[in-house]
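What follows is each chain in one-letter form.
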Amino acid sequence: MPQCWNVLRRCPRISRGRPTCDVSYQDRSPIHRVRLAPAVASPGCSASGRMTRVSNDAIGGWTRDRGSPAQGAQAASSFVLGPAGQRGFMKKLVQTGHRRRLRFAREVVALRTLQEISGTRVPRLLADNSDCVEGRDQLFLVLERIDGSPLDAFVRRHGPIDLDATLDLTEALAETLVTAHAEGIVHRDIKPANVLLRADNPRDPMLVDFGISFNEAIDDGATRVGEEVGNRFLRLPEQSFASRNSVSDVTQLVGLLFFALTGLEPRTLVDADGFLPHQRSAAQGVLSSVASGERAVLLHNLFSDAFTTVLVNRLGDARTLIDELRTLRAASEGPHASGEALRRLAQMSESASAERESRDMALLNSALMDLGEGVQQAGSAVGLGRKQSGYS
């Protein structure tokens, strides 16, 4: 039975039920795991020979608007105008490897999935030729043009953003992560350069560049386990092995909050002196003027929860982050809280962290017990004892 590549184009909500097109799948509730088609090009796509490159000036009815294309390691981009005068942003793949093509097409799937859900802060997908992923044509996509600066350029030009606006920015993006993670999509490359501020308004952010995202609904091998992903803005230990854990997105988003408030890139969870980003002297000097009283304590604790090096001990999901952001926003704005109030808040935070750590350790221990039982059963099946299997 023939299979189709662009499942979400024809079956846009595969996580809400079985796809109606001809695909092979394996139930992984609530996500159906879709396996990509064999190398069969869609009609109208070049199936063999050298890659057919699209023109720089006219692609699928879209023409370059102004400026020279920006050239990256994997893709080139430029502003374009559509047949009806639509203003768009075009991204063209310049790499020829098959896995690069799969990854590019996976970005289209992520964008198409998220744009159909109200309230998600991703640009609208206007055009693409991802159906040619198995052919030889140069792949491209066109997004709506977002008039505004990337967050990193905005902060360089205007300086750090005030706390309330930063909380609004972070919450808006966290809401998008809630939706993305529910759909099995993990961004894996959240950084200031990948957040556009519409009309340079920090309260109106858009999340872009799903180029190295992971989608549970697609089994394409575009990013292999063990392959390093992530970025230099905040390098996470688990991303050295192509982690597909949504916790990494939440950690990077808190890193974004840290950057917006301080203008400093966290770079690593722990520096050479053993300090987390918010504990470093340069950051403390800035943060002391950002918040005071209860807000200062809650902000400190939020950073501590998000930046811990052990993945299972970190702030675990985007919904929890939203709750903590709202608590922080509602906290006292007084110039100083009493010493007793600060101690009480710190104790509450430590208690909550200990409770979360205890719960996470219980889950980890349960998983290890299941693993031990699995190894023991496998060993028994082939006549091996615990010592012989090497597991004890």
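Residues numbered from 1 in each chain as written. Predicted model: local features only at pLDDT ≥ 70, side-chain atom pairs only at ≥ 80, totals over all residues. Heavy atoms only, no water.

Draft legend 1. The arrangement of the pairing of strand S12 (residues 195-198) in detail. Note: strand S10 (residues 148-150) against S12, 3 bridges, orientation antiparallel. Across the sheet, Ser149 pairs through a bridge with Leu197, a residue of S12. As paired elements, S12 and strand S13 (residues 205-207) share 3 bridges and run antiparallel to each other. Paired with Leu196 across the two strands is Met206, which belongs to S13. Taken together, S12 and the strand that follows it, S13, pair antiparallel across an intervening segment of 6 residues, in which Ala199 is found at a positive phi of about 55°. (Pairing = 2+ DSSP bridges. Helix = DSSP H or I, 4+ residues; strand = E, 2+ residues; numbered from the N terminus.)

Draft legend 2. Expanded view of the packing of helix H5 (residues 247-262) against helix H8 (residues 318-330). Packing of H5 against H8 brings their axes to within 10 Å, and their N-to-C directions diverge by 30°. What the angle tells us is that H5 and H8 run roughly parallel. The handedness of the crossing between H5 and H8 comes out as right-handed. Between H5 and H8, the contacting residues are Val250, Leu253, Val254 and Leu257 on the first element and Ala318, Leu321 and Leu325 on the second. Residue composition of the contact of H5 with H8, grouped by class: 7 nonpolar, no polar and no charged. (Axes fitted to C-alpha atoms, helices over the stretch in contact; angles between N-to-C directions. Parallel < 35°, antiparallel > 145°, perpendicular 65-115°, else oblique. Left-handed = near helix turned anticlockwise from the far one by under 90°. Contact = heavy atoms within 4.5 Å. Nonpolar A, V, L, I, M, F, W, Y, C, P; charged D, E, K, R; others polar.)

Draft legend 3. Spatial organisation of the packing of aromatic side chains. Going through the model one piece at a time under the given rule, you end up with 5 aromatic pairs. Residues Phe233 and Phe259 carry aromatic rings whose centres are separated by 6.0 Å and whose planes lie at 85° to one another, so their mutual orientation is edge-to-face. With Phe233 in the loop between strand S15 (218-219) and strand S16 (234-235) and Phe259 in helix H5, this pair connects stretches of sequence that are 26 residues apart. Given a relative accessible area of 4%, Phe233 falls into the buried group. Residue class for Phe259 comes out buried when judged on its relative accessible area of 5%. Each residue in the set Phe258, Phe303 and Phe307 is aromatic and connected to the rest through ring pairs, giving one cluster. (Phe/Tyr/Trp six-rings, centres within 6.5 Å; stacked < 30°, edge-to-face > 60°. Buried < 20%, exposed > 50% of the residue type's maximum accessible area, 1.4 Å probe, protein only.)

Draft legend 4. Seen up close, the nonpolar core. Leu151, Phe210, Leu257, Leu299, Phe303, Phe307 and Leu321 are the most contacted members of the largest nonpolar core, which totals 62 residues. Looking at this core element by element, the count peaks at 9 residues for H5. Setting aside chain neighbours within four positions, we find Phe303 in contact with Val254, Leu257, Phe258, Leu261, His278 and Leu287. Counting residues in hydrophobic clusters, the runner-up holds 7 residues, among them Ile59, Trp62, Met90 and Val142. (Core = buried A, V, L, I, M, F, W, Y, C linked by side-chain atoms within 4.5 Å.)

Draft legend 5. Representation of the sheet that holds S13 within the structure. Taken in spatial order, the 3 strands line up as S10-S12-S13 in an open sheet, and their pairing is antiparallel. The two strands at the open ends of the sheet, each matched to only one other strand, are S10 and S13. Strand after strand, the sheet turns through a mean of 30° between neighbouring axes, direction not considered. Running at roughly 95° to S10, helix H3 (residues 151-158) makes contact with S10 and S12 of the sheet.

Draft legend 6. Region of the structure containing the pattern of salt bridges. Inspection of the entire model under this criterion finds 20 salt bridges. A salt bridge links Arg145 to Asp65; the nearest nitrogen and oxygen atoms lie 2.9 Å apart. Of the two residues, Arg145 sits in the loop between strand S9 (140-144) and S10 while Asp65 sits in the loop between strand S4 (62-64) and strand S5 (70-71), which places them 80 residues apart along the sequence. Residue Arg295 is joined to Asp164 by a salt bridge in which the shortest nitrogen-to-oxygen separation is 2.8 Å. Of this pair, Arg295 sits in helix H7 (residues 293-307) while Asp164 is found in helix H4 (residues 163-182), placing the two residues 131 residues apart along the sequence. When its relative accessible area of 28% is taken as the criterion, Asp164 is described as partly exposed. (Salt bridge = Lys/Arg side-chain N within 4 Å of Asp/Glu carboxyl O.)

These results come straight from atomic positions and should not be treated as a statement about function.
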